[in-house]
Every structure is written in structure tokens, then in C-alpha cells.
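Okay, here's what each chain looks like letter by letter:
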Amino acid sequence: MENEVKLTKLAKCAGCGAKVGAGVLAQLLDGIRVHQDPNLLVGFDKSDDASVYKVSDDLALVQTVDFFPPIADDPYLFGQIAATNALSDVYAMGGEPKLCLNIMAVPEEMPRDTVHQILRGGYDKVYEAGALITGGHSIFDDEPKYGLAVTGFVRPDRVLTNSGARPGDVLILTKPLGIGVLTSAAKADMASEEGVALAQRLMTTLNKAARDVMVRHAVHACTDVTGFGLLGHTCEMAQGSDVEVELHVADIDLIPEAVELARMGLLPAGMYRNRSFAEVRVDPGATELCRQDLLYDPQTSGGLLMAAAPEDADALLEELRPVVPSAQRIGVVRPYQGGKRIFLV
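Quantities reported herein were computed from a predicted structural model and do not represent experimental measurements.

A look at the pattern of salt bridges
Reasoning step 1: Tallied over the full model, the rule gives 19 salt bridges.
Reasoning step 2: Between Arg155 and Asp58 there is a salt bridge, and its shortest N-O distance comes to 3.4 Å. Separated by 97 residues along the polypeptide, Arg155 in the loop between β6 (145-154) and β7 (170-173) and Asp58 in the loop between β2 (51-54) and β3 (60-68) bring together distant segments of the chain.
Reasoning step 3: Measuring nitrogen to oxygen at the nearest pair gives 2.6 Å for the salt bridge that ties Asp141 to Lys145.
Reasoning step 4: Salt bridges sharing common partners tie together Glu260, Arg263, Glu288 and Arg291.

Given below as C-alpha cells:
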């Protein structure tokens, strides 16, 4: 039947686990000339989540693009997850998504209804975000892929980047970790129904509510935790801000089933790429290996990582928790002492 296409069987990698590793990406971009424009507030040279271009004193455009192979067999769910993930980059910059374009690759023989359901999933999430899909581009490919190019709005003086963290800031994360491990286990039929349902719920939860609270508080830096894992994205924040970070592992919400699967060695390939990139900058202390693995685990549509002013962190968390119950305080920012950037305690 048309609706019985097993999308994940058509993909070599799932979701954000398909991303090119941060280290390889840096090498690919090395040497490319960056042209200067006084209105370009954030470009690709900053390893940030999206670009930001100032249009006027009151308006800047936030632009990003994200797409990936299927992470779910249900085409409607796959569309929802891909759209949620793409929208997240705009939220991480403090912006509001406004206009989106579909990006799609599908096998020529894929049933029309399957394609329709992927697109419907994307449309529904974009509508939930208060944005519009205005067109797009599609090609034939043996491996299906879907995502969005997203344009959002933000005030130029309210742009959040991943390089503004200050010593003393409190780090807050809005979703638990372990999505990559759970989705990899699901592909091998080794995850529980409850674990799969939790991962799907997390991946289809917009970061809109977290963003809406965040912009009302003194947050100095933000990024979303996706394909490079918590440690990969935290490394980018620490280096970009010229600080070091102390992460309190016991305070980080690790999905229990994912911990057990990691202890068994069931890990996505992206975890190894993330470890290869970030581990030279990380002091693991006495952290158990399986818990380290989850800190490198590539997240698809993960949460926001915020660096909040210490005097406002409690108020931010108090306002966050009714709308984002999984929000958690996970560490602090310290002055850089040279050497490692991240310390697990």
C-alpha cells in the first residue's frame, strides 16, 4: 500500500545525524573569502545558527536553511520534524520565523500520497509557528530529503548569537538529551515504544515558547543543540565568546533509556564525529563514558542552550518551566584560563 513506505530504510543516516561533522565543515570553509558588508550582522564565518542582515534600525532579516533524510517512517511525522528543526535556528537567534521555502528530494517512484504527507507535516508546523510557506524547490533523488529555507525577523539590537556568553552566566538547556541514540535504536528495532514516542514528541516541539520567554530576559548568547551535540555546540559558544564552561553532568536531563542504550554501545555515527571534533577541548573529569556519549549525541530538533545573566537566571527559569517543563540549569560560564574549553563536573 502507498502509506506503507518505510522511509528510514531509504536513508543511510537519519535526521541531524546526517550532518557533515563540525571539524570537516571548518576545513571545507577554510580559505573562502568573506566579503564585508556593514549591514551583515552575522555571517557564516561565525559558526552561528543563521545569518542576520540589517534592513533598518528596527528590522533585520534572519536566514537559515536545514534539511535531512527521514528520521521517521511516517511521512507526515517526518515533515513535522524536519520543519521544526529548520525553524529552530531562527528562534536561536531571538527571531520570529515569517517566510519559508520547501526543499525536497524524492525518489521518482515514491507514491504521491507519501510526498503529500511529508509536505503537509511541514506546512502544519510552519503554520503553528505563525509563519508561511510560499514555495520551494524539489528534485528527484534515490534518497528522500526534506527541509526548509526560513526567513525571520528580529530587531538588530536584540540579535542573539552563540558568541556573546560572559563569565558568570548561567547555562540553561530546554530539552533533554538522547534523541540521536533513541532514533538510532528505533531504526534497529531496539528502542521501546515509550522511548520512540518521547523522541518524536521532543523533535516536534517548537522552540517558540522557549524563545518567547527568552527574549524577555537578560540572555547574552544562545544556540540550538542539534547535529553537533551539546558538547559540539557548547564548544562553539565557548570559543566564540572566548570563555570556558563548567557543565554539571548530574543536572543535565539525560533520557534514561538512551543512557542504557549508550551503555550497550548503541550509538549513532554522528556521535563519533562530534567526539572527534570536540574532545580535545573537553576535560571529562570522572564522567561515565556512556554519559559522555550522550553529551556528544547528535540531536535532531533539540532544545535551546542559553547563557543567561546570573541575576536574571532564576526569573528566566521560573517563567520558562510552566511552558517548557524540561528547562534545566546545566552549568556556568567562567573566564578562559587557557587550555580546555569545557569541564565536566
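What to know about the side chain of Thr287
Reasoning step 1: Among the structural elements, Thr287 can be located in the loop between β10 (282-283) and α10 (289-296).
Reasoning step 2: When its relative accessible area of 12% is taken as the criterion, Thr287 is described as buried.
Reasoning step 3: Polar contacts involving the side chain of Thr287 include one to the main-chain carbonyl oxygen of Pro284, which spans 2.9 Å.
Reasoning step 4: For Thr287, the residues in contact, after removing those within four places along its chain, are Val249, Gln292 and Leu344.

Things to note about the sheet that holds strand β13 (residues 342-344)
Reasoning step 1: Taken together, seven strands build an open sheet; the order of strands is β8-β11-β7-β12-β9-β13-β10 and the sheet is mixed. Strands with a single pairing partner mark the edges of an open sheet, and in this sheet they are β8 (219-224) and β10.
Reasoning step 2: Relative to strand β12 (residues 328-335), β7 is paired through four bridges, and the arrangement is antiparallel. Looking at the pairing, Leu173 lines up with Gln328 of β12.

Section: the packing of aromatic side chains
Reasoning step 1: Across all of its chains, the model carries two aromatic pairs by this definition.
Reasoning step 2: Here the aromatic rings of Phe68 and Phe78 are separated by 6.3 Å at their centres, their planes lie at 40°, and the arrangement is tilted. With Phe68 in strand β3 and Phe78 in helix α2 (residues 75-92), this residue pair connects regions lying 10 residues apart in the sequence.
Reasoning step 3: Ring geometry for Phe78 versus Tyr146: centroids 6.4 Å apart, planes at 75°, classification edge-to-face. Of the two residues, Phe78 is situated in helix α2 and Tyr146 in strand β6; the sequence distance between them amounts to 68 residues.
Reasoning step 4: Taking the relative accessible area as the measure of exposure, Phe78 reaches 1% and is therefore buried.
Reasoning step 5: Taking relative accessible area as the criterion, Tyr146 reaches 0% and is therefore assigned buried.
Reasoning step 6: Members of the aromatic cluster, joined through ring pairs, are Phe68, Phe78 and Tyr146.
Reasoning step 7: Stacked on the ring of Phe343, the Lys or Arg Arg334 has its end atom at 4.8 Å from the ring centre.
Reasoning step 8: Positioned above the aromatic ring of Tyr336 is the side chain of Arg341, whose terminal nitrogen or guanidinium carbon lies 3.5 Å from the ring centre.

Cut-offs used in this document
- Residues numbered from 1 in each chain as written.
- Predicted model: local features only at pLDDT ≥ 70, side-chain atom pairs only at ≥ 80, totals over all residues.
- Heavy atoms only, no water.
- Salt bridge = Lys/Arg side-chain N within 4 Å of Asp/Glu carboxyl O.
- Helix = DSSP H or I, 4+ residues; strand = E, 2+ residues; numbered from the N terminus.
- Buried < 20%, exposed > 50% of the residue type's maximum accessible area, 1.4 Å probe, protein only.
- Polar contact = N/O pair within 3.5 Å; in protein donor to acceptor, adjacent residues only side chain to side chain.
- Contact = heavy atoms within 4.5 Å.
- Pairing = 2+ DSSP bridges.
- Phe/Tyr/Trp six-rings, centres within 6.5 Å; stacked < 30°, edge-to-face > 60°.
- Lys NZ or Arg CZ within 6 Å of the ring centre and 35° of its normal.

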